[in-house]
Amino acid sequence: TISIFKDGVRVCEPQAIPEKLRGKPLFPTITYKNVTLQVNFGPEPLAPLPFKCHLLASAATTDVEVAEVPKPSDGKYEVVFPVGLPDQGYFDWV
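This is a predicted model, so every value here is computed, not measured.

Focus on the overall build of the protein
A tally of regular secondary structure across the protein gives one helix and two strands. Along the protein, helices and strands appear, N-terminal first, in the series β-β-α. Looking at the 94 residues of the protein, the share that counts as buried comes to 3%. For the protein, long-range pairs separated by at least 24 residues make up 21% of all intrachain contacts whose partners lie at least 6 apart in sequence. Taken as a whole, the protein presents about 9,200 Å² of accessible surface, with 56% of it coming from carbon and sulfur.

This is how it looks when you write it as structure tokens:
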């Protein structure tokens, strides 16, 4: 399951990982609007949690998949910022 915590307190019920994603690498993605966001991937939680867990930064190498990022031939990386307008099909292609 995947859960969201704020200051060590669960803010939603655990969500089951879909069957087709189990056993595959998961890439954290966060979508937000008009908020300030802080993400902590470890190695320690910012606030105590009600259970023991390992954060991403302290995960065992057998539990993570490190992907090499190919270096562009011209040395310049491209960043794409999708911009969507309400009711304009933003999520159809993202």
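And the narrative resumes.
Some thoughts on the layout of surface pockets
Roughly 1,900 Å³ of volume is contained in the largest pocket. In terms of lining residues, the largest pocket is bounded by 36 residues, among which Ser-3, Val-39, Asn-40, Phe-41 and Leu-55 are the most central.

A few points about the packing of aromatic side chains
The final tally for this structure, using the stated rule, is one aromatic pair. On the basis of an interplanar angle of 65° and a centroid distance of 5.4 Å, the ring pair of Phe-5 and Phe-51 is categorised as edge-to-face. Within this pair, whereas Phe-5 is found in strand S1 (residues 5-6), its partner Phe-51 is found in the loop between strand S2 (9-10) and helix H1 (90-93), the two being separated by 46 residues in sequence. With relative accessibility at 23%, the residue Phe-5 sits in the partly exposed group.

Some points on the pattern of salt bridges
A full pass over the atoms with the stated rule returns one salt bridge. In this structure, the salt-bridge partner of Glu-19 is Arg-22, at a minimum N-O distance of 3.0 Å.

A look at the environment of Lys-24
With respect to the helices and strands, Lys-24 occurs in the loop between S2 and H1. On the basis of relative accessible area, Lys-24 is assigned to the exposed category, the value being 51%. It is 9.7 Å that separates the C-alpha atoms of Lys-24 and Val-64, two residues lying 40 residues apart in sequence.

Considering unusual backbone geometry
A cis amide bond links Gly-42 to the next residue, Pro-43, at an omega of 15°. Within the element layout of this structure, Pro-43 appears in the loop between S2 and H1. At Asp-7, a residue that is not glycine, the phi angle is positive and equals roughly 55°. Structurally, Asp-7 can be placed in the loop between S1 and S2. Overall, the relative accessible area of 66% leaves Asp-7 in the exposed class.

What counts, and where the lines are drawn
All chains use their own residue numbering, which begins from 1 and follows the written sequence. Residues qualify for local features only when their pLDDT is at least 70, as the model is predicted, and side-chain atom pairs are given and counted only at 80 or more; totals for whole chains, interfaces and linings, by contrast, use all residues. Hydrogen atoms and water are omitted, and side-chain values are computed over all heavy atoms in the structure. Numbering of helices and strands starts at the N terminus; helices are DSSP runs of H or I of at least 4 residues and strands are runs of E of at least 2. Only protein chains enter the calculation, and the probe is 1.4 Å; a residue is then buried if its accessible area is under 20% of its type maximum, exposed if over 50%, and partly exposed in between. We call two residues in contact whenever any of their non-hydrogen atoms come within 4.5 Å of each other. Only the protein chains shown count as cover for residues, and all accessible areas are computed by the Shrake-Rupley method using a 1.4 Å probe. Two kinds of site are reported from a 1 Å grid over the protein atoms alone, namely cavities, where a 1.4 Å probe fits but cannot get out, and pockets, open sets with protein on both sides within 12 Å along at least five of seven lines, and residues are called lining when an atom falls within 4 Å of a point. Grid points are joined across faces, edges and corners, and a volume is the space filled by probe spheres set on the points. Two rings belonging to Phe, Tyr or Trp (six-membered ring only in the last case) form a pair when the distance between their centres is within 6.5 Å. Interplanar angles under 30 degrees mark stacking, angles over 60 mark edge-to-face geometry, and anything in between is tilted. By salt bridge we mean one thing: a side-chain nitrogen of Lys or Arg within 4 Å of a carboxyl oxygen of Asp or Glu.

These figures come from the coordinates and say nothing about function on their own.
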